[in-house]
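# Fold and geometry: a report
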Amino acid sequence: MGTEALKKDFPIFKVKINNHPLIYLDNAATTQKPKKVLQAISNFYSYSNANVHRGVHTLSEEASEMYDEARRKIARFINASHESEVIFTSGATDSLNFVASTWARNNLKPGDVILVTDAEHHSNLVPWQIVAQQTGAELDFVEVGETQEITLNNFKNKISEKVKLAAFFHCSNVLGAMLPVREISKLVKNNGGIVVVDGAQAVPHVPVNVQNLDCDFYAFSGHKMLGPMGTGVLWMKRDLLDKVEPYRYGGGMIDLVEMKHSTWADPPEKFEAGTPNVAGIFGLGAAVDYLTEIGMENIMKHEREVINYAASELSKFERVKILGPKDVNERYGMITFYTEGAHAHDVATVLNSYGVAVRSGHHCTMPLHKKYDIPASLRASFYIYNNKDDVDVLTGALKKAFEILG
Ligand SMILES: Cc1ncc(COP(=O)(O)O)c(C=O)c1O
């Protein structure tokens, strides 16, 4: 993949950071936006701005058509069986809260178990803590093993008929490990449970086929896949669309309203109360076009090369301890590590002085960091525009950091 040519599509790479070219390695937090996405947002507000599904005037019809077309594009991108399975939210966090506030709160009771892993992003942990408190269900954990991997066997030991909901990441935002979603889903469902997958770190990096994964809910964010912030998706399996109650109530989601009673529109409108982020969703549609043009298989292949190179270069430093599966081929999107004798924030500050943007901290996984007894780690996360030269700048700056910090 010609990453230098790709970088030209992203205006941000013209920006200098401390007089250095920007080496952006914080893609797991959010990705940069190509001109096509920026133009889509600007074009919407410049030439098509109107509210959707509300008017018969030309602009409103146009905006509605653009919004619906973006939904169809995203449905195709994740191979949904029907576009009505794609519900727009403000991001993965919102999508996960959606399931917690609707299906989970309405169906769980004392004696039931909610199963998550101990490596979840807080967005896929805290909502379940609250549901457990509200319903009396118990929250239980599949633990990351000594090898810093979670296997199907880890799940097998925990799944029983009591597990009514299992919620787990597709790709971990710290370990970079992928879970065998299809196999876990089968186990949970054979025991009568519902499966919620946090796909925030998977959809940007690998081809995702929700029908093949065979889960019930799949959540992801638009801004981690070149799209705008404030956009996200909850994919909900078709046979649940009529069973799940609305998440929010108000305009846009109703069929008939009387003074004391209302009925709901058909899905997906039933789940999208209020004015949606039309420009954002239009931008997300443009991001999906951009990714589709490159091809998710090509993206995966490209990232594999960069990650393998980064892992090999980083492991040359004695003080660098890499988290996650030992087999680098089991690692997607990122390399998270800690540095012996130097705090992650101090290292990240020195890296920034060379134009290198990495994440330092707990990456919204405090329990996992506590388990490993490290206050913070560094995460270099890659995307389509990163290349081996970026890795060389990172490791060069890391060397300087160790010299400066001692
Ligand atoms: C695995 C995972 N889940 C959920 C989220 C939350 O995404 P958002 O902040 O876009 O809602 C993130 C964000 O970093 C994540 O990495």
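The following paragraphs examine the structure supplied in this document. (Residues numbered from 1 in each chain as written. Predicted model: local features only at pLDDT ≥ 70, side-chain atom pairs only at ≥ 80, totals over all residues. Heavy atoms only, no water.)

The subject of this paragraph is the environment of G280. Along the chain, the position of G280 falls in helix α9 (residues 278-294). Looking at G280, the relative accessible area reads 4%, which means it is buried. Here the alpha-carbon distance between G280 and G230, two residues 50 residues apart in the chain, equals 7.1 Å. In contact with G280, other than residues within four places in its own chain, are P228 and T231. (Helix = DSSP H or I, 4+ residues; strand = E, 2+ residues; numbered from the N terminus. Buried < 20%, exposed > 50% of the residue type's maximum accessible area, 1.4 Å probe, protein only. Contact = heavy atoms within 4.5 Å.)

Near the ligand, the surroundings consist of 13 residues, among which T93, D198, S221, H223 and K224 are the closest. Here a nitrogen atom of the ligand and a side-chain polar atom of D198 are 2.5 Å apart. Interatomic distance of 2.6 Å between a side-chain N/O atom of K224 and an oxygen atom of the ligand. Considered class by class, the residues forming the shell around the ligand number 3 nonpolar, 8 polar and 2 charged. (Near = heavy atom within 4 Å. Polar contact = N/O pair within 3.5 Å; in protein donor to acceptor, adjacent residues only side chain to side chain. Nonpolar A, V, L, I, M, F, W, Y, C, P; charged D, E, K, R; others polar.)

Once that is clear, we can look at the pairing of strand β5 (residues 113-117). Counting buried residues in β5 gives 5 out of 5 residues, a clear majority hidden from the surface. Burial along β5 is two-sided: the face carrying V113, L115 and T117 and the face carrying I114 and V116 are both buried. Each parallel crossover has a hand, and the one from β5 via helix α5 (residues 126-135) to strand β6 (residues 138-142) is right-handed. (Right-handed = clockwise from strand over helix to strand, strands pointing away.)

Within the structure shown, the criterion is met by 1 cavity of 30 Å³ or more. Its boundaries defined by the atoms lining it, the largest cavity holds a volume of some 30 Å³. Looking at the lining of the largest cavity residue by residue, the classes come out as 3 nonpolar, 2 polar and 2 charged. (1 Å grid on protein atoms, 1.4 Å probe; cavity = no way out; pocket = protein on both sides within 12 Å on 5 of 7 lines; lining within 4 Å. Points joined across faces, edges and corners; volume = space filled by probe spheres on them.)

Under the counting rule described, the total for this entry stands at 19 salt bridges. D289 serves as the salt-bridge partner of K73, at 2.8 Å between the closest nitrogen and oxygen. You can see K73 sitting in helix α3 (residues 58-77) and its partner D289 sitting in helix α9, a full 216 residues away along the chain. Residue class for K73 comes out buried when judged on its relative accessible area of 16%. (Salt bridge = Lys/Arg side-chain N within 4 Å of Asp/Glu carboxyl O.)

Now for the packing of aromatic side chains. Using the criterion set out here, one finds 13 aromatic pairs in the structure. Consider the rings of F10 and Y385, whose centres lie 4.9 Å apart with planes at 75°: the pair is edge-to-face. Of this pair, F10 sits in the loop between α1 (3-7) and β1 (16-17) while Y385 sits in the loop between β17 (377-381) and α13 (388-405); the two residues are 375 residues apart in sequence, bridging distant segments of the chain. Assessed through its relative accessible area of 1%, F10 is described here as buried. (Phe/Tyr/Trp six-rings, centres within 6.5 Å; stacked < 30°, edge-to-face > 60°.)

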